Amino acid sequence: MQESNSRTPSRRSLIGWGGAGLALGAAAAGGAVAMARTGDDAEPTAAESGAAVAFHGVHQSGIATPVQDRLHFAAFEVKTEDRAEFVQLLKDWTAAARRMAAGHTVGEGAYGGLAEAPPDDTGEALGLKPSRLTLTIGFGPSLFGKFDLADRRPEALVDLPKFAGDNLDKNRSGGDLCVQACADDPQVAVHAIRNLARIGFGKVVIRWSQLGFGKTSSTTPEEQTPRNLMGFKDGTRNIAGTETDRLKKFVWVGAEGPSWMAGGSYLVARRIRMNVETWDRTSLQEQEDIFGRDKGEGAPVGKAKERDEPFLKAMKPDAHVRLAHPDSNNGATLLRRGYSFTDGTDGLGRLDAGLFFLAYQRDVRKGFIPVQRSLAIDPLNEYIQHVGSAIFAIPPGVRDKDDWWGRALFSEEA
């Protein structure tokens, strides 16, 4: 990221930067080449060059945007009880996110300021390209218990029920709000979350976070479908960013409300541990039977090509693809943006590895919940376990330089 000659207000004039010190899962649904100016996407040439993805748009970037290679996801707890202070933080975060997405440093930069004061930017992304960085914010159910927001909580922002096989770690679940940072350079993504956390010092604190690599779902059909850590192609039928009709039907919130969520979406995040050592000792035939696709081409049972329409009855009744398919779930369809992860070992010589599942949808009650319940009999459950879980309301995009994350929720005039 480069230093910019354009100046933003000093850290001392912003509550967020001064004063307080340093400042796997579910559906086999259906990728993305919308116009960059909408905030939904970047053109293919931008993706190849590491250029910036537009920050402003009707929808937040990082949803229908072509999936980047790296992820840093963070869930935060709100510590301040002062509504005005929290609103100012959202404004400060928006200003910082806008600059970082464009490839600029935060505030007045990483050097050149007062020697007696810490710089506004931590500096580790200096000289790096924007790397298609997108920053996407979401509000968790627990946030609506603060700041007199109870009557503004969307009905669709439900507390997820307990699913069969869940073994959730409360320290990797929930959160008042989240920020999803995606980029093609891991240092750019980590820099973004680090600087937002720094700006929020004293007002918010990271509850948990997750690094991800090797996208496991694509929103761009022209690209080769990525593979998960089990070696299978994942997300063949994912919604594409060019499929405006499907996005409107399954992803973007419409007039059903509340009004502040129009153009937004709902995100389910699940940390899914894979028992890769057990999986690696399973025969190829059993692996393919479990998924309902062949491992090489990715073709559904009885078909020749990956994108051939699956004939569900040709698969075993409990095949993963069959259970998760929209035809088996009253049409339920998700937009997936998952990533693989490896977080060392579990102390018993086994890899702590798996899928960080991210799914966007118009209504969780008609999307993730029924699909996940269908997967209760999935034989894949012998090899995976859901160990972290969260749900967030994703507000619409930031329209222009005067707009900010969450304005429609917190401003009566909006």
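In case you missed it, the structure is sitting above this.
Not measured: the values here are computed from a predicted model. Every chain's residues receive numbers from 1 upward, in the order its sequence appears when written. Local features are withheld for residues below a pLDDT of 70 in this predicted model, meaning they are given only at 70 or higher, and side-chain atom pairs are given and counted only at 80 or more; totals for whole chains, interfaces and linings count all residues. In computing side-chain properties, one takes all heavy atoms of the structure into account and sets aside hydrogens as well as water.

Description of the nonpolar core
Thinking step 1. Counting residues in each nonpolar core, the largest one holds 68 residues, and the members touching the most others are Phe-86, Trp-93, Leu-135, Phe-139 and Phe-410.
Thinking step 2. Think of it this way: any DSSP run of H or I at least four residues long counts as a helix, any run of E at least two long counts as a strand, and we number them from the N terminus. Per-element accounting of this core gives the leading share, 9 residues, to helix H2 (residues 83-101).
Thinking step 3. Residues count as neighbours in contact if any of their non-hydrogen atoms are within 4.5 Å of one another. In contact with Leu-135, other than residues within four places in its own chain, are Gln-60, Ser-61, Ala-97, Met-100, Val-179, Gln-180, Ala-181, Ala-192, Leu-196 and Trp-405.
Thinking step 4. Leu-71, Phe-73, Phe-250 and Ile-394 belong to the second-largest nonpolar core, a separate cluster that totals 25 residues. For our purposes a nonpolar core is just a set of buried Ala, Val, Leu, Ile, Met, Phe, Trp, Tyr and Cys residues, chained together by side-chain atoms within 4.5 Å. Buried means the residue's accessible area, taken with a 1.4 Å probe over protein chains only, is under 20% of the maximum for its type, while exposed means over 50%, and partly exposed covers the values in between.

Concerning the side chain of His-72
Thinking step 1. Within the secondary structure layout, His-72 lies in strand E1 (residues 70-78).
Thinking step 2. Take His-72: its relative accessible area is 10%, and that puts it in the buried class.
Thinking step 3. Apart from residues lying up to four places away in sequence, His-72 is in contact with Val-179, Gln-180, Ala-181, Ala-189, Val-190, Ile-193, Ser-209, Gln-210 and Leu-211.

What to know about the packing of aromatic side chains
Thinking step 1. Side-chain rings of Phe, Tyr and Trp (the six-membered ring for Trp) are treated as a pair once their centres are within 6.5 Å; stacked means planes under 30 degrees apart, edge-to-face means over 60, and tilted covers the remaining angles. Considering all chains together, one arrives at 17 aromatic pairs under this definition.
Thinking step 2. Between the aromatic rings of Phe-163 and Phe-368, the centroid separation amounts to 5.6 Å while the plane-to-plane angle is 90°, which identifies the pairing as edge-to-face. Taken together, the residues span a long stretch of sequence, with Phe-163 in the loop between strand E2 (134-139) and strand E3 (177-183) and Phe-368 in helix H8 (residues 368-374) at a distance of 205 residues. Pair check on accessibility: Phe-163 and Phe-368 agree, each one buried.
Thinking step 3. Within the aromatic cluster, the residues linked to one another by ring pairs are Phe-86, Phe-139, Phe-144, Phe-147, Trp-260 and Phe-410.

Structural notes on the environment of Gly-165
Thinking step 1. By the secondary structure assignment, Gly-165 is in the loop between E2 and E3.
Thinking step 2. Gly-165 gets classed as exposed once you look at its relative accessible area, which sits at 54%.

Remarks on H2
Thinking step 1. One less than the residue count of a helix, multiplied by 1.5 Å, gives the span that helix is expected to have. Under the 1.5 Å per step criterion, the end-to-end length of H2 is 27 Å for 19 residues, consistent within 8% with the ideal 27 Å.
Thinking step 2. Backbone geometry just downstream of H2 places Gly-103 in the positive-phi region, at approximately 90°.

Some words on the pairing of strand E8 (residues 351-361)
Thinking step 1. Taken across its 11 residues, E8 has 10 buried, putting it largely inside the fold.
Thinking step 2. DSSP-based pairing: two strands are paired if at least 2 bridges between them are found. Where strand E6 (residues 335-336) lies against E8, 2 bridges are found, and the strand directions are antiparallel. The partner of Leu-335 across the bridge, within E8, is Tyr-360.
Thinking step 3. Of the pairings in the sheet, the one linking strand E7 (residues 339-345) to E8 comprises 5 bridges and is antiparallel in character. Paired with Tyr-339 across the strands is Phe-356, a residue of E8.

Some points on the pattern of salt bridges
Thinking step 1. The salt bridge definition used is simple: a Lys or Arg side-chain nitrogen within 4 Å of an Asp or Glu carboxyl oxygen. Applying the stated criterion to the full structure yields 20 salt bridges.
Thinking step 2. Arg-132 serves as the salt-bridge partner of Asp-184, at 2.7 Å between the closest nitrogen and oxygen. You can see Asp-184 sitting in the loop between E3 and helix H3 (186-199) and its partner Arg-132 sitting in the loop between H2 and E2, a full 52 residues away along the chain.
Thinking step 3. Classification of Asp-184 as partly exposed rests on a relative accessible area of 22%.

Digging into unusual backbone geometry
Thinking step 1. Residues Gly-257 and Pro-258 are joined by a peptide bond in cis, for which omega reads -5°.
Thinking step 2. Turning to its location among the elements, Pro-258 is positioned in the loop between helix H4 (244-250) and strand E5 (265-274).
Thinking step 3. One non-glycine residue with positive phi stands out, namely Arg-132, at about 55°.
Thinking step 4. Classification of Arg-132 as buried rests on a relative accessible area of 5%.
Thinking step 5. One non-glycine residue, Phe-147, lies in positive phi territory at about 55°.
Thinking step 6. Structurally, Phe-147 is set in the loop between E2 and E3.

In short, shape yes, function no, at least from these values alone.
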